Every structure is written in C-alpha cells, then in structure tokens.
Amino acid sequence: MPFSDTADFADADRGFIAALEPGVVQDATGKTVWDNDSYSFLRDPCPLSVNPSLWRQSQLTVKQGLYEIAPGFYQVRGLDLSNMTLIEGDTGVVVIDPLISTETAAAGLALYRAQRGNRPVTGLIYSHAHVDHFGGAMGVTTKEDVAAGRCPVLAPSGFLEHAVAENIYAGTAMARRAAYMYGAALPRGPKGQVGTGLGQTTSIGTTTLIDPTLDITHTGQEETIDGVRMVFQMTPGTEAPSEMNLYFPDRRILCMAENATHTLHNILTLRGALVRDPHVWSRYLTESINRYARNSDVVFSSHHWPMWGTDKIVEFLALQRDLYGYLNDQTLRLLNQGYVGSEIAEMMRLPPAITENWSTHGYYGSVSHNVKAIYQRYMGWFDGNPAHLWEHPPVESAKRHVDAMGGADEVLKKAQKAYDAGDYRWVTQMVNYVIFADPDNTKAKNMQASAFEQLAYGAENGTWRNFYLSGAYELRNGSFGTPTKANAQGMLSALTVDQAFDAISLFLDGPKAWDINVVTDWHFRDADNRVQRTELRNGVLIHYARTADDNLPAPDATVTLTRGAFAETMLAGANMQEAVLKGDISIDGNVAALKQLSGLFDKPNPNFAIVTP
C-alpha cells in the first residue's frame with residue numbers, strides 16, 4: 001500500500017478549528033465516559049504488535065476537535081465512535097447524529113458554541129437506527145423543546161421500531177459482544193486497543209432517545225428546517241434496516257450517513273444484528289452517485305473525514321459500490337458451485353483497483369466475515385452437510401474431541417507444536433476444546449490467550465483485533481463484563497406500549513409459566529388512556545390493544561400506570577409494591593392473580609461467558 005500518500009491526512013486535517021482540551025469527557029459523578037487522550041501513543045511509529053495499515057487508520061480516526069466542512073457546515077470528530085454534524089440555520093443550528101452519550105454530545109455542542117456562539121439547537125436528525133447516531137439526543141436538546149416544536153426531530157421511517165429491536169430486544173447479548181468488538185474495557189496501547197477502524201471506541205455515558213416528530217418516508221422528500229433545505233434518499237436494508245442519506249442542494253453537499261465510509265463496512269457486525277443486503281447497498285450507492293454525487297462538491301459521513309471535489313467523490317462512492325456488489329455477486333457465484341461460506345471466505349480475492357485503495361480495506365468489516373454473512377443471508381446456518389445438521393453443543397463436543405485426541409495433555413503438546421510453527425488459527429481451535437472440556441485448565445487458557453494475541457497483532461481489522469485481545473484478557477483476568485449498559489432507562493422510557501410488551505415477553509421463562517393462566521388489563525394514563533390486554537397461557541405472553549366495544553371477558557386484574565412506571569418496574573427491575581405505595585401504579589381486581597407473574601421473568605445476564613463455557 002502507498003504509505004507515502006498523505007491525501008487522507010490532508011482531508012482529515014482540513015478545516016480544523018479547535019480541539020477539546022483535554023480530550024476527556026466525564027459524567028455528573030466524575031466518571032470518565034470518553035478519553036481520546038489515552039490514544040496519544042498513536043503519534044509514535046507503528047510497533048510490531050499492530051498491523052501498519054490499522055495503525056495508519058487509527059492515526060486518522062483519532063483526530064479530535066471541531067472542523068469546518070464548508071461555510072455553515074461543521075463536524076465534531078473524535079469525541080465518540082461517530083461524528084456529530086452541525087449546520088447553521090437562520091436562527092440556530094441543526095444537529096445530525098448526536099453521538100452515543102449525552103455527555104459526549106453535550107461536550108461536542110459546547111466545543112462548537114465556544115467557537116461559533118451560543119446558538120440554539122433548532123433541529124435534530126437521526127440518519128439511522130444505530131445507537132451511535134441517536135444516543136446523545138438529550139445532550140443537545142430536551143423533550144420539552146421537541147414537544148413545543150422548537151426542535152423538530154427527523155428520522156427515516158421505521159427508525160423507532162429498529163432502534164428498539166436492536167438495542168432492547170437483544171440488547172444485553174449485543175452489548176456484551178460489543179464489549180469485545182469495540183474493546184472499550186481493554187487497556188490502550190501498542191499491545192492493547194488502538195481503535196475499531198470506524199472510530200476509536202464507544203463512549204460509556206448516558207444513552208437517551210427522543211421520539212422522532214417527522215418521518216422521512218421516500219426518496220426525493222424535501223424538508224426545510226430553520227432555513228436549511230434538505231432532500232432525502234431512503235436506503236433501507238443497507239448499513240441499517242432504517243437509514244437515509246441527505247443532500248443539501250443549495251450548497252452542493254452530500255451526507256452519506258454510514259453508507260459510504262473510509263473502510264469496508266459490515267454485512268453482519270460481530271456484535272450481532274440483522275444480516276444486511278450488499279446487493280441493495282450497492283444499488284443505493286449507484287442511485288447516490290447518479291442523483292446527488294455528480295452534483296456535489298463535498299461529501300461527508302457519520303464516521304471518518306469528508307472529501308472535496310466532484311470527480312473524487314464520484315470515484316470514492318463508485319469504489320464503495322463496486323466493493324459491496326462484487327462481494328455479493330461472487331459469493332453467490334461460488335455458493336452455487338457448492339462451496340460453503342468458510343470456503344468462499346478463503347477463496348475470495350478482490351479486484352486490484354479495490355484492494356489498492358485505502359477506503360475499501362477491512363478495518364471495521366472484513367472480507368472474511370462479510371462473505372460468511374452473505375452465505376448466511378441466502379443459505380442460513382446449515383451448509384447442507386448432514387454431518388453438521390445435529391452436532392453436539394460446545395461443551396459436549398469438546399469433551400469428545402479431547403478424548404479422541406488422547407486427553408488434554410496430548411492436545412496441548414500438539415497445540416504447542418502448532419504455536420511454534422506460527423499456525424495460531426489451529427492452536428485456538430485445538431485448545432478451545434480443552435477449555436470447554438476443562439474450564440479450569442490454566443495452561444490451556446494461557447496458550448489460547450497467547451495465540452489470540454498473536455492473531456490480534458497481525459489483524460488489519462480493528463474489530464478482529466479487539467475480539468482477539470478481549471478474549472485473551474478475559475482468559476487471563478476474568479470477565480470485564482459489559483462497559484456500556486444495555487436497556488438504558490433513556491431507551492426504555494421511549495418505548496411504545498406495543499414495544500414495551502414485546503420486550504417484557506422476551507424475558508418470560510416459558511417452562512415456568514406453562515400451567516399459569518392470567519388475564520390482565522394495563523391502562524396507560526399517558527398514552528391516550530390506552531388499555532392493553534395481556535393473556536398469559538401456555539408459556540406465552542400475548543398482548544393487544546382493547547377497543548371500546550370489544551366485549552371481552554373481564555380481566556383478573558387491571559393495572560393503571562404510565563409508560564415510565566411500566567418501564568421502571570417491569571423492564572428495569574424497580575419494586576412494583578413501592579410504586580403502588582407511592583401512587584405511581586394502582587391495581588384493581590384480583591391482586592393474587594397478578595402476583596403469579598412475579599418470579600416468571602428472567603433478568604438478562606450482561607456478564608455471560610464467551611471464551612469459556
């Protein structure tokens with residue numbers, strides 16, 4: 001690769017105004033939720049323990065401060081995983097994507113105001129339904145300003161549904177795996193976390209969500225907020241199930257959200273998500289080029305740095321488009337020849353024009369795991385071989401493998417030989433059997449950790465590096481848990497009534513509830529007096545809205561409350577009896593029937609094991 005080419009560094013530095021000094025953000029208790037200064041070691045030459053290409057990418061993504069993209073267009077970078085963009089309007093400033101945490105968003109807004117004046121926030125835009133693009137909402141505006149119409153909130157249609165599905169329904173498992181992916185708990189340094197390829201890491205502050213007040217429903221929809229005219233391109237099924245690009249026709253400026261950044265992105269992110277559609281992604285990028293890029297002088301995204309110049313922009317987007325299209329088409333070509341995902345991942349070679357460009361490298365997504373994701377999208381988890389149809393689960397499989405290879409000591413001898421030969425992939429596979437068969441085998445855990453570290457040091461992909469180093473850290477030191485809290489109160493309080501009951505139904509321990517039948521009405525005072533009927537039967541919690549003339553049988557009990565009280569007691573674990581005594585909740589009918597529900601709902605485990613059984 002052309003390390004002497006410094007064009008990206010020039011673009012990343014262009015328009016710099018001021019940095020946050022020090023580059024540290026704390027919450028109200030003094031806890032550090034963001035520390036960009038911990039990456040100061042990236043100023044040094046690349047060490048042997050980091051892939052030089054990843055080191056270069058981290059040197060670019062670590063840049064921090066307020067930048068001018070064009071007159072009236074500003075970005076705050078390096079204060080979270082994502083960027084926050086601020087566009088000056090007639091009376092205030094419109095914010096696009098307010099980072100993950102209220103604390104980092106507030107710090108970014110304060111940095112802007114220190115340089116540009118104390119302008120009010122007169123609009124808020126969520127480009128898509130991932131938490132790093134809405135979580136800091138209440139750091140830049142308030143629910144009161146939104147309700148009063150002083151700050152409209154725009155989002156693509158389906159935003160709230162997908163934001164909840166990803167961050168609440170599977171939130172605990174995703175947050176735990178995200179701790180591995182983003183390495184937020186890892187030590188920073190040449191042998192530790194150096195970044196994620198998309199940004200440095202995730203902030204660990206307070207996550208919030210303010211409901212959108214205006215849905216963007218179709219490509220070509222035009223809205224003007226505080227004098228800022230915007231045209232929207234809907235791109236569902238690309239980087240997020242609900243996502244949109246923005247074009248500013250009066251300024252010839254294009255925002256690509258997270259659909260085109262300076263890396264190969266994920267078709268299936270390692271933390272878990274719905275599998276994305278690279279074919280659709282490629283088609284929408286073609287539409288972006290033809291409708292907007294050819295009439296643009298500047299392009300910026302919700303991560304990384306902008307680019308200037310129409311020809312340069314078109315070529316950048318075309319390479320991104322070709323990248324996703326090629327991965328999709330070639331994976332399908334090879335799977336139709338009978339190859340399975342793991343085979344295709346080893347066979348895939350990208351065209352020279354793609355591999356020779358920095359922006360297409362797998363710093364965040366990877367060719368290997370994206371190919372497997374495309375295979376999964378079309379073919380599912382099963383590769384068609386009956387031998388893989390009903391394999392033993394990990395622990396039982398491990399015991400049999402270790403026994404077949406002559407016991408743990410013999411496996412470790414073979415693993416050491418492979419380690420000395422540099423075959424670290426085989427080491428991790430062999431030693432994994434020993435760990436799952438005997439979780440207390442310290443020698444096996446240390447060898448596995450060492451192999452993980454060697455794989456990490458060679459990885460160009462930031463998330464692979466973080467996964468390997470996180471596994472090594474937990475094998476040596478025990479679990480670091482989940483630094484970012486799933487199911488944050490700010491998210492829970494934003495749930496609709498239907499979403500709230502969908503969420504609680506996922507915590508029900510079905511076998512415990514097989515023989516319990518309870519019918520309950522839930523009357524929500526702050527949701528147009530909506531009454532939601534729940535029926536618990538056969539281990540399933542069914543729910544639906546009641547109507548005035550539905551003529552249903554009387555419930556066993558009726559609970560009157562607010563959405564907030566429901567979220568606190570049923571989802572966040574607050575004591576319902578205390579809420580009743582305070583008057584936040586009232587119960588009519590058979591209280592004993594309602595009490596049958598207690599003890600039927602699991603609490604998710606944010607510290608579940610990953611590299612051990």
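As shown above, the structure is provided for reference.
This section reports on the structure supplied with the text. None of the values given here were measured: they were computed from a predicted structure.

1. Concerning the packing of aromatic side chains
- Taken as a whole, this structure holds 23 aromatic pairs when the rule is applied.
- Ring geometry for F41 versus W55: centroids 6.0 Å apart, planes at 50 degrees, classification tilted. A residue pair is termed long-range when its members are at least 10 positions apart, and F41 in the loop between β3 (32-35) and α2 (52-61) and W55 in helix α2 qualify at 14 residues. The two residues F41 and W55 agree in class, both being buried.
- Note on F501 and F566: the rings are 4.7 Å apart at their centroids and 45 degrees apart in plane angle, and the pair reads as tilted. Placement of F501 in helix α18 (residues 497-505) and of F566 in helix α19 (residues 563-571) is noted, with a sequence separation of 65 residues between them.
- You can call F566 buried: its relative accessible area is 1%.
- Site record: aromatic cluster; members linked through ring pairs are Y180, F467, Y473 and F480.

2. Here we look at the sheet that holds strand β11 (residues 222-225)
- Here we have 6 strands laid out as an open sheet, ordered β11-β12-β13-β14-β15-β16, and mixed in their pairing. Both outer strands of the open sheet, β11 and β16 (307-308), are each paired with one neighbouring strand and no more.
- By the bridge criterion, 4 bridges tie β11 to strand β12 (residues 228-234) in an arrangement that is antiparallel. Paired with T224 across the strands is R229, a residue of β12.

3. Thoughts on empty space enclosed by the protein
- Applying the stated criterion across every chain, the model contains 4 cavities of 30 Å³ or more.
- In this structure, the largest cavity spans a volume of roughly 120 Å³.
- Along its surface, the largest cavity is lined by 17 residues, and T61, K63, R77, G78 and N83 are the ones closest to its centre.
- Here the residues of the lining of the largest cavity sort into 6 nonpolar, 8 polar and 3 charged.

Calculation rules
- Residues numbered from 1 in each chain as written.
- Predicted model: local features only at pLDDT ≥ 70, side-chain atom pairs only at ≥ 80, totals over all residues.
- Heavy atoms only, no water.
- Phe/Tyr/Trp six-rings, centres within 6.5 Å; stacked < 30°, edge-to-face > 60°.
- Helix = DSSP H or I, 4+ residues; strand = E, 2+ residues; numbered from the N terminus.
- Buried < 20%, exposed > 50% of the residue type's maximum accessible area, 1.4 Å probe, protein only.
- Pairing = 2+ DSSP bridges.
- 1 Å grid on protein atoms, 1.4 Å probe; cavity = no way out; pocket = protein on both sides within 12 Å on 5 of 7 lines; lining within 4 Å.
- Points joined across faces, edges and corners; volume = space filled by probe spheres on them.
- Nonpolar A, V, L, I, M, F, W, Y, C, P; charged D, E, K, R; others polar.

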